[in-house]
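Each chain is listed here by its residues.
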Amino acid sequence: MPYTFSPMKAVQATSILLKPSPDMTMSYMKLIKLLYIADRESIKETRAPITGDRPVAMPHGPVLSSIYDFIMKRDRPGIETWEQFFETAGIDIVLLNEPGTDELCPYEVDKLREIAARYADHTQWDLRDLTHEFDEWKRNDPGHSSQAIPLEHIIDAVGLSNEIDEILQDREDSKYFASIFQR
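The rules behind these values
- Residues numbered from 1 in each chain as written.
- Predicted model: local features only at pLDDT ≥ 70, side-chain atom pairs only at ≥ 80, totals over all residues.
- Heavy atoms only, no water.
- Pairing = 2+ DSSP bridges.
- Helix = DSSP H or I, 4+ residues; strand = E, 2+ residues; numbered from the N terminus.
- Axes fitted to C-alpha atoms, helices over the stretch in contact; angles between N-to-C directions.
- Parallel < 35°, antiparallel > 145°, perpendicular 65-115°, else oblique.
- Left-handed = near helix turned anticlockwise from the far one by under 90°.
- Contact = heavy atoms within 4.5 Å.
- Nonpolar A, V, L, I, M, F, W, Y, C, P; charged D, E, K, R; others polar.
- Buried < 20%, exposed > 50% of the residue type's maximum accessible area, 1.4 Å probe, protein only.

**Quick notes on the sheet that holds strand S1 (residues 25–27)**
- Taking strand neighbours across the sheet as the criterion, the 3 strands line up as S1-S5-S4 in an open arrangement whose pairing is antiparallel. This sheet does not close on itself; its edge strands, each paired only once, are S1 and strand S4 (86–89). The sheet shows a mean angle of 25° between the axes of neighbouring strands, taken without regard to direction.
- The sheet contact formed by S1 and strand S5 (residues 92–95) spans 3 bridges and is antiparallel. Counterpart to Thr25 in the pairing with S5 is Val94.

**Quick look at the packing of helix H1 (residues 7–18) against helix H2 (residues 28–46)**
- Closest axis-to-axis distance for the H1/H2 pair is 10 Å, and the angle between their directions is 115°. One finds that H1 runs roughly perpendicular with respect to H2. You can see that H1 and H2 cross each other, and the crossing is right-handed. Here Ala13, Thr14 and Leu17 of H1 lie close against H2, whose contacting residues are Leu31, Leu34 and Leu35.
- In the contact of H1 with H2, the residues fall into 5 nonpolar, 1 polar and no charged.

**Side note on unusual backbone geometry**
- Residues other than glycine seldom take positive phi values, yet Met24 does so here, at roughly 50°.
- Tracing the sequence through the fold places Met24 in the loop between H1 and S1.
- Given a relative accessible area of 35%, Met24 falls into the partly exposed group.
- Despite not being glycine, Arg47 shows a phi value in the positive range, around 75°.
- Assignment of secondary structure puts Arg47 in the loop between H2 and strand S2 (55–58).

Next up, the structure:
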């Protein structure tokens, strides 16, 4: 799903999900599922994800590739931004510093807060089971490996199959304009 991935936008989205927790800590599996669900619902509602990260099917369900790599402390572009705000402590992500929300639009902030509230009482295992029911994960079930989830599969799964061509064109336009303004 190559929309433009912004490490700072991912940081801000993550912080919104962690803030309702009394100690601003959450298991990374729960966090990554919440971020995926938020992206999925944003695609359904706005035709674009919040994070722009690449979804991948893994044994415990879908994950967002770059954010997962940040959590696992894998060296990749943006890791230094992530590490200014979060620490991985065992299976948990801990918010260290407040990143603000200036990279997110009001819809995205509201969607993330709504997702955090809706799934506040769900465990990481509840969310794993829930995301295993998503059609796009079933179509790309990786067994014991991993496999990219094509945007087309998500679009179809959220009921927008009649808009696939338009959404894919919007994605290409987004990539083009991002490349112009990043120079």
